[in-house]
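Descriptive structure summary
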Amino acid sequence: MTKFEFQQVDVFSATPFKGNPVAVVLGADDLTTEQMAAFASWTNLSETTFLLKPTSPEADYRVRIFTPETELPFAGHPTLGSCHAWLTAGNHPCGKTIIQECGIGLVPIRRTEERLAFVAPELLRSGPVDEALLNRVAHGLKIPLSSIQASAWTDNGPGWLSVLLGSREEVLALEPDYGSLMDLGIGVIGPWNPATDGTEAQFEVRAFAMNSGVNEDPVTGSLNAGLAQWLIGSEQAPQHYIASQGVRLGRNGLVHVDYENGKVWVGGSTITRITGMLQV
């Protein structure tokens, strides 16, 4: 058997078991694509990643990201979790900013004492959603079309289509018909009311990732990155805010969004919960 170092990292929450876990296999260059896909299916987490030697001279490491059903060119919480595992394994970046290589290209990551954060990659698809498709989304979410305040494509790899509702309460009340939306990845966001919801966050987010084999993802960096680019760019969100996600799944994810010098940074807590060895 061949052995590989393994970590399972909790991302986007400092509270144990309240974030989104990602399985990370380090030094995985000798694994085949088929073995990676089989292990990702076996872990049954929303994503499993494999750290490899970079092919770009600018990158510190390369990562491949798998859901239980498919490989993704980019995903947010696996980016932060993979970077955390790479750093805690004793690696050091070439510069002040860590550079991750993945299917979508090079992704800069910065670290502070509080958290890691990645630069939101350019959207592969943006702009308005076709009216017929938006009607289908509303029907699948079991809400009137009039409840959708705004919508846009926010796809940075996983295929996100996003809608803005009027409140946190509306977001948390959703009971989608997943079967009618199996080919879509839908992000839903709504503002917190400070008087009734508090001030820990400013938005509530839910991610319905049926097209990636996950009905609802606990806390989703890629979606929050796309949402921030859309909403900050259209002046529907401030340049600095915190998004809450995962409440309906018993999680307490907090995603920190900061717009600085033309770039959106998406960050959160990262903590290793499990370490061990993968035997193949």
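Residues numbered from 1 in each chain as written. Predicted model: local features only at pLDDT ≥ 70, side-chain atom pairs only at ≥ 80, totals over all residues. Heavy atoms only, no water.

1. Description of the overall build of the protein
The following threshold applies: Segments assigned H or I by DSSP are reported as helices when at least four residues long, segments assigned E as strands when at least two residues long, and all are numbered from the N terminus. Atoms counted for the radius of gyration: C-alpha only. Globule rule: 2.2 Å times the number of residues to the power 0.38. For every residue, the accessible area obtained with a 1.4 Å probe (protein chains only) is divided by the maximum for its type, and the residue is called buried under 20%, exposed over 50%, and partly exposed between those limits. Throughout, a residue-residue contact means that at least one pair of heavy atoms, one from each residue, lies within 4.5 Å. Note on areas: these come from Shrake-Rupley sampling with a 1.4 Å probe, and a residue is covered only by the protein chains present in the view.
Along the backbone of the protein there are 6 helices and 17 strands. A compact globule built from 280 residues should have a C-alpha radius of gyration of about 19 Å, and the protein, at 18 Å, falls within 12% of that. Once the C-alpha set of the protein is aligned to its principal axes, its extents read approximately 55 × 40 × 35 Å. The buried share of the protein, reckoned over its 280 residues, is 55%. A sequence separation of at least 24 residues applies to 63% of the contacts in the protein between residues at least 6 apart. Split by element, the accessible area of the protein, about 12,100 Å² in all, is 49% carbon and sulfur.

2. A look at helix α2 (residues 76-88)
What counts, and what does not: Here, expected helix span is obtained from the residue count minus one, scaled by 1.5 Å.
In this model, α2 (13 residues) spans 19 Å end to end at C-alpha, consistent with the 18 Å of a helix rising 1.5 Å per residue. Taken across its 13 residues, α2 has 12 buried, putting it largely inside the fold. Regarding α2, the residues found buried are Gly-76, His-77, Pro-78, Thr-79, Leu-80, Gly-81, Ser-82, Cys-83, His-84, Ala-85, Trp-86 and Leu-87. One or two steps after α2, the chain reaches Gly-90, where phi turns positive at roughly 100°.

3. Section: helix α1 (residues 33-43)
Given 3.6 residues per helical turn, the α-helix brings residues three or four places apart onto the same face. Inclusion rule: This arc corresponds to the set of directions leading from the helix axis out to the C-beta atoms.
All of the buried residues in α1 are Met-36, Phe-39 and Ala-40. Buried residues of α1, seen end-on, are gathered within an arc of 100° and therefore sit on one face of the element. Seen from the open side of α1, the exposed residues pointing more than 90 degrees away from its buried face are Glu-34 and Trp-42. Packed against the buried residues of α1 are β1 (3-11), β2 (20-25), β3 (48-52), β4 (61-66) and β17 (270-279). Where α1 ends, the next residue or the one after it, Asn-44, has phi of about 60°, a positive value.

4. Some thoughts on the pattern of salt bridges
Filter applied, for reference: The term salt bridge refers to a pairing of a side-chain nitrogen on Lys or Arg with a carboxyl oxygen on Asp or Glu at a separation within 4 Å.
A complete count under the given rule lists 8 salt bridges for this structure. Here Arg-273 makes a salt bridge to Asp-10, at a shortest N to O gap of 3.8 Å. Here Arg-273, found in strand β17, pairs with Asp-10, found in strand β1; they are 263 residues apart in sequence, far enough to count as distant. Assessed through its relative accessible area of 31%, Arg-273 is described here as partly exposed. Assessed through its relative accessible area of 3%, Asp-10 is described here as buried. A salt bridge links Glu-260 to Arg-110; its shortest N-O distance comes to 3.1 Å. Of this pair, Glu-260 sits in strand β15 (residues 253-260) while Arg-110 sits in strand β7 (residues 105-111); the two residues are 150 residues apart in sequence, bridging distant segments of the chain. A residue is classified by how much of its surface remains accessible, and Glu-260, at 28% relative accessible area, is partly exposed. Residue Arg-110 is classed as partly exposed on the basis of its relative accessible area, which comes to 25%. A single network of salt bridges, built from pairs that share partners, joins Arg-168, Asp-197 and Glu-204.

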